[in-house]
Amino acid sequence: MIDLKDRNYCPTLDELGVYTHNPVFQKFCSEIKETYKCTEKLEYSCCSMEPGWNVKFKKSGKSLCTIYPREAYFTVMVVVGRKEKEAVDAILPECTARLREIYEETKEGNGQKWLMIDLEDHDSLYHDVLRLIEIRKG
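Residues numbered from 1 in each chain as written. Predicted model: local features only at pLDDT ≥ 70, side-chain atom pairs only at ≥ 80, totals over all residues. Heavy atoms only, no water.

A.B. asks: Help me understand the overall build of the protein in this model?
C.D. replies: Counting its secondary structure elements, the protein contains five helices and five strands. Element order for the protein, N to C, with α for helix and β for strand: α-α-β-β-β-β-α-α-β-α. Across its three principal directions, the C-alpha atoms of the protein cover 40 × 30 × 30 Å. Here the protein, with 138 residues, has 45% of them falling under the buried criterion. Accessible surface computed for the protein: about 7,700 Å², of which carbon and sulfur atoms make up 49%. Measuring between centres, the 21 positive side-chain charges of the protein sit 7 Å from its 24 negative side-chain charges. (Helix = DSSP H or I, 4+ residues; strand = E, 2+ residues; numbered from the N terminus. Buried < 20%, exposed > 50% of the residue type's maximum accessible area, 1.4 Å probe, protein only. Areas by Shrake-Rupley, 256 points an atom, 1.4 Å probe, with all protein chains shown as cover. Lys, Arg positive; Asp, Glu negative; His and termini not counted. Charge placed at Lys NZ, Arg CZ, Asp CG, Glu CD.)

Here you go:
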């Protein structure tokens, strides 16, 4: 088992998939890569709130999402900025109650909301996150 806090060993995407014990992690990563024709970048974060290895997806220099592997699930961070706010507000009524709750509870700073969404199933919340990423792409 890999240690996500060991900055001296950069795990592979496959190893992170094994770490999560959840096939949805690999499915999600594959879907992002195929849809947006981008590759992942594994980075070690020294952030005091979330130290350890994470997976970033960018397209044309713009961050699409960051994935934080956990045991049995993973957390996807999607930033909703000023440019995306109107489009996200428009789709929120169609989204799951859980996503609406996360959106409402997330404080805004500098015109942005950094949504942290836990995924463990290929369900409606999973599809909501993909919709947010599509809006983020622009």
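A.B. asks: It is not clear to me how the pairing of strand S2 (residues 52–59) should be interpreted in this structure. Could you clarify?
C.D. replies: Two faces make up the sheet, and in a regular strand the side chains alternate between them. Bridging between strand S1 (residues 40–45) and S2 involves six bridges; their strand directions are antiparallel. Paired with Tyr-44 across the bridge in S2 is Trp-53. Looking at chain direction, S2 and strand S3 (residues 62–69) are connected through five bridges and run antiparallel. If you follow Lys-59 over to S3, its bridge partner there is Lys-62. Joining the antiparallel neighbours S2 and S3 is a turn of two residues, in which Ser-60 adopts a positive phi near 55 degrees. (Pairing = 2+ DSSP bridges.)

A.B. asks: Help me understand the state of the cysteines, please; the structure alone is not making it clear to me.
C.D. replies: Any covalent bond linking the sulfur atoms of two cysteines counts as a disulfide. Counted according to the given criterion, the structure contains zero disulfides. The thiol sulfur of Cys-10 is not disulfide-bonded, and the nearest other cysteine sulfur, from Cys-46, lies at 13 Å. We note that Cys-95 lacks a disulfide partner, and the nearest cysteine sulfur, in Cys-65, lies 16 Å from it. A relative accessible area of 4% places Cys-95 in the buried class. (Disulfide = S-S within 2.5 Å.)

A.B. asks: I keep staring at the packing of helix H3 (residues 82–91) against helix H5 (residues 124–137) and nothing clicks. Help me out?
C.D. replies: Think of two packed helices as two axes; the pair is described by the angle between the axes and how far apart they sit. As a packed pair, H3 and H5 sit with axes 9 Å apart at the nearest point and diverge in direction by 150 degrees. Here H3 lies roughly antiparallel to H5, going by the angle between them. The chirality of how H3 crosses H5 is right-handed. Contacts between H3 and H5 pair Glu-84, Ala-87, Val-88 and Ile-91 from the former with Arg-131, Leu-132, Ile-135 and Arg-136 from the latter. Split by residue class, the contact of H3 with H5 holds five nonpolar, no polar and three charged. (Axes fitted to C-alpha atoms, helices over the stretch in contact; angles between N-to-C directions. Parallel < 35°, antiparallel > 145°, perpendicular 65-115°, else oblique. Left-handed = near helix turned anticlockwise from the far one by under 90°. Contact = heavy atoms within 4.5 Å. Nonpolar A, V, L, I, M, F, W, Y, C, P; charged D, E, K, R; others polar.)

A.B. asks: Honestly, the sheet that holds S3 in this entry has me stumped. Any pointers?
C.D. replies: Note: strands within a sheet are paired through backbone hydrogen bonds, in either parallel or antiparallel orientation. Spatially, five strands are ordered S1-S2-S3-S4-S5 in an open sheet, and the strand pairing comes out antiparallel. The open sheet has two edge strands, S1 and strand S5 (113–119), and neither has a second partner. Ignoring strand direction, the axes of neighbouring strands in this sheet form an average angle of 30 degrees. One ladder, built from four bridges, connects S3 with strand S4 (residues 74–80); its direction is antiparallel.

Note that every value here comes from positions in space, so none of it alone points to a role or purpose.
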